[in-house]
Amino acid sequence: MMRTHTCGELRKENIGVRVRLCGWVDTVRDHGGVIFIDLRDRYGLTQVIFDPRDSQEAWDLSQTTRGEYVIQVEGDVEARPPEMENEKLATGAIEVRCDRIQILNKSLTPPFPLDDKGVSEDLRLTYRYLDLRRPQMQEHMRKRHEITQAVRRYLDQHQFTEVETPILTKSTPEGARDYLVPSRVAPGAFYALPQAPQQYKQLLMVAGSDRYYQIARCFRDEDLRADRQPEFTQIDVEMSFITREDIYEVIDGLCAEVMQISGHGNITLPIARLSYEDAMNRFGTDRPDMRFGMELVELSEVFRDTGFNVFKKVLEAGGVVKAFNARGLGAVPIRVMDEWTGLAQEAGLGGLAYIRVQEDGTWKSPIVKFFSDREQAELKETLDIRPGDLILFAADKRPVADGALGRLRLLAGRAAGAIPENKYSFVWVTDFPLFMRDEEGRLQSMHHPFTSPHPEDMDKLESDPLSVRALAYDIVLNGVELGGGSIRIHDPDLQKRIFHLLGIPKEEAEDRFGHLTRALAYGAPPHGGIALGIDRVVMMMIGGRTIRDVIAFPKTQKAMDLMMGAPAPVDDRQLKDVHLKLTRPRGGEEKKPVDE
RNA sequence: GGGGGCGUAGCUCAAUUGGUUAGAGUACCAGACUGUCGAUCUGGGUGUUGCGGGUUCGAGUCCCGUCGUCCCCGCCA
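Residues numbered from 1 in each chain as written. Chains lettered and ligands numbered in written order. Predicted model: local features only at pLDDT ≥ 70, side-chain atom pairs only at ≥ 80, totals over all residues. Heavy atoms only, no water.

**Digging into the side chain of Asp549**
Next, step 1: Here Asp549 lies in the loop between α14 (534–541) and α15 (572–577).
Next, step 2: According to the relative accessible area criterion, Asp549 is buried, its value standing at 18%.
Next, step 3: Beyond its immediate stretch of four places on either side in the chain, Asp549 contacts Arg124, Met137, His140 and Met141. (Helix = DSSP H or I, 4+ residues; strand = E, 2+ residues; numbered from the N terminus. Buried < 20%, exposed > 50% of the residue type's maximum accessible area, 1.4 Å probe, protein only. Contact = heavy atoms within 4.5 Å.)

And the structure:
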């Protein structure tokens, strides 16, 4: 037996017991005579002690240990002298007096201290196995495991069956860029890694699975962000014979379960709902952070016949004037205002109009002089303007004004300290538009082409497609999109009609989606589902800033695996096997894995 | 594809207007020390200032390029 206990286990009750422990040397405190070693494993830290009077041989060996050496020790659990107890340690009431030690493995000096948080991330990623050894990262991995387990348990209790779907599948040019895998046996043909198991899960509904879920790995070859990795994991769910309400109910319960298991207590159910239209109007985004106010207010009516030319022109052109009250930011430095103006311009605004309300109630602003008394009075009333407030205006086409103010609202909320850190505000955003226009002005699915139109808008599909709502929904937490889904189309004729509206020629639709429309034609039940990004869910539950902290081996912003050195060139033999020829010399040198 | 930040000892950082031998803490190495738990004390600098080029009597510092990493926009059905 390598060990009788773990390093987090021993307590006063174990005093007098002979034990064997294994772990990593956390710190060595050598007093010339007695030597203390903090022994660490996943479960905790135990102080072991070597005294030459107990065993000269063991003492000699213990003196040669260094940080991160892997050792096995054997000795007796002792009470610490009363004044020497360490309250910071769970095992702090005891220590292990050792007369045997074996060095199981030595360690080089670690490239960075394992007890330090301020280490550059590329170094952590290069030596991820050491980074993951840190108690904090172990806790993250454990949390992730517990959440995943809770999800499985919950869905199992709700009659869901976990089904695995292929990783090697077919490219669907719509949506994100695919990762491609060349086929050896079909020269010139490629598999694609799934962006999501979308079509498979719908086919499982046709197959009568009724309730499916999967903790599914997804791949998207797009640029990375703090909350986006090229491969990520979804809690993928699909249900038959349901309406949106059934999805909300199941996922409400799931969110409550995850909050509970993560130690955040009970949340009030049902989770609030907000239409896409309201979200855009009130928060300027489809993923509103509902932890604070500062809601956007439309002022077009207040300024309907204003003398202020900038607003006037926008309103005449069919645009809107909107604003929000950044309460308490009236004294914000001009430097910050300049920065925000720059950001507003980046968001498409011509400029950023504002009023800084002084403590005495007077308005300091370059534009107020153009406002009539009535306009000023109505402004004050509508925005509930008080001393010390900051009012930020946007005048433009509605989406531009909303988008800009939506971003500014977040900055203002943060600057004002108006966002409570320990609050968890879930919200459903519902009734997304079915379509949007792409850069070339063509109709495109906002969610995906299998999303059911809202039944009330069915007659506008051809006449006014952009106004058609979808039976689509997102679940949002504190301004972060955790997931989204929809009720799907189960009528093959409607599905074909949507493909047609999207400008996909019949033949191409058959080629790309024939398997799906054909399946729908064989008695597909009404169905719908949702997918939640589990990386983001876990990130939110630990209060993290990036999903890299909850992924064991994440990639850098350039999609590199610094530890493995992936991606990397392959040799000509491998290329030949899959019938590939490079049109460009191999770019860059091979990333050397860590030496030594 | 675009904007911005960072890059100096193993690690985290400092280095005046461009100035002479690039420092600090920590880690590491050696020695001392029998109750520490961020051990302490003494001694030791271990450096291609990311890389390449340029300007200059002189570059960590200025200029150009390049690489890496992070944040954001675009992109992410």
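We are not done yet, so read on.
**Some remarks on unusual backbone geometry**
Next, step 1: Geometrically, the link from Leu269 to Pro270 is a cis peptide bond, its omega value of 0 degrees lying close to zero.
Next, step 2: Following the sequence through the fold, Pro270 ends up in the loop between α6 (244–261) and β11 (273–275).
Next, step 3: Of note, the bond from Ala566 into Pro567 is cis; its omega dihedral lies within 30 degrees of zero at 0 degrees.
Next, step 4: For Pro567, the location among the structural elements is in the loop between α14 and α15.
Next, step 5: Phi angles above zero are rare outside glycine, and Phe241 is one such case at about 55 degrees.
Next, step 6: Position of Phe241 relative to the elements: it lies in the loop between β10 (231–240) and α6.

**Notes on the packing of aromatic side chains**
Next, step 1: Summed over the entire model, instances satisfying the criterion amount to 16 aromatic pairs.
Next, step 2: Ring centres 4.9 Å apart and planes at 75 degrees place the aromatic pair Phe303 and Phe311 in the edge-to-face group.
Next, step 3: For Phe303, a relative accessible area of 0% translates into the label buried.
Next, step 4: With a centroid separation of 5.8 Å and an interplanar angle of 45 degrees, the aromatic rings of Phe311 and Phe393 are classed as tilted. Here Phe311 is found in helix α8 (residues 309–316), whereas its partner Phe393 is found in strand β16 (residues 390–396), with 82 residues between them in sequence. This pair shows no difference in class: Phe311 is buried, exactly as Phe393 is. (Phe/Tyr/Trp six-rings, centres within 6.5 Å; stacked < 30°, edge-to-face > 60°.)

**Some points on the sheet that holds strand β14 (residues 353–357)**
Next, step 1: Taken in spatial order, the five strands make up an open sheet running β12-β13-β16-β14-β15, and their pairing is antiparallel. Among the strands making up the open sheet, the edge pair consists of β12 (297–298) and β15 (363–364).
Next, step 2: Strand direction decides the pairing type here: strand β13 (residues 320–326) and β16, joined by seven bridges, are antiparallel. Directly across from Val321, in β16, lies its bridge partner Ala395. (Pairing = 2+ DSSP bridges.)

**Focus: the pattern of salt bridges**
Next, step 1: A full pass over the atoms with the stated rule returns 52 salt bridges.
Next, step 2: Between Lys201 and Glu238 there is a salt bridge; the shortest N-O distance is 3.3 Å. A residue pair is termed long-range when its members are at least 10 positions apart, and Lys201 in helix α5 (residues 198–206) and Glu238 in strand β10 qualify at 37 residues. Each member of the pair, Lys201 as well as Glu238, carries the same accessibility label: buried.
Next, step 3: Two residues, Asp227 and Arg536, come together in a salt bridge whose shortest N-O distance is 3.7 Å. One end of the pair, Asp227, is in the loop between β9 (211–219) and β10; the other, Arg536, is in helix α14, with 309 residues separating them in the sequence.
Next, step 4: Residue Asp227 is classed as partly exposed on the basis of its relative accessible area of 26%.
Next, step 5: Assessed through its relative accessible area of 17%, Arg536 is described here as buried.
Next, step 6: One salt-bridge network, held together by shared partners, links Arg18, Arg20, Glu74, Asp76, Asp99 and Arg100. (Salt bridge = Lys/Arg side-chain N within 4 Å of Asp/Glu carboxyl O.)

**Quick word on the nonpolar core**
Next, step 1: Ranked by size, the top nonpolar core spans 42 residues in total, and within it Leu155, Ile251, Phe426, Ile475 and Ile530 carry the most contacts.
Next, step 2: Looking at which element gives the most residues to this core, the answer is α6, with nine residues.
Next, step 3: Core analysis: the second largest hydrophobic core is formed by 26 residues, Tyr276, Val429, Ala472 and Ile489 among them. (Core = buried A, V, L, I, M, F, W, Y, C linked by side-chain atoms within 4.5 Å.)

**Focus on the environment of Arg386**
Next, step 1: Residue position: Arg386 is located in the loop between α10 (373–383) and β16.
Next, step 2: Taking the relative accessible area as the measure of exposure, Arg386 reaches 43% and is therefore partly exposed.
Next, step 3: Sequence spacing of Arg386 and Val336 is 50 residues, and the spatial spacing of their C-alpha atoms is 21 Å.
Next, step 4: Not counting residues up to four positions away in its chain, the partners in contact with Arg386 are Arg327 and Val357.

**Quick word on the pairing of β14**
Next, step 1: Across the five residues of β14, five count as buried, placing the element largely inside the fold.
Next, step 2: Residues Ala353, Ile355 and Val357 of β14 are buried on one face, and the alternating residues Tyr354 and Arg356, pointing to the opposite face, are buried as well.
Next, step 3: One ladder, built from four bridges, connects β14 with β16; its direction is antiparallel. Across the sheet, the residue bridging to Tyr354 is Leu392, located in β16.
Next, step 4: In this structure, β14 lies alongside β15, joined through two bridges in antiparallel fashion. Residue pairing for β15: Val357 is matched across the bridge by Trp363.
Next, step 5: Between the antiparallel neighbours β14 and β15 lie five residues, among them Gly361 with a positive phi of about 95 degrees.

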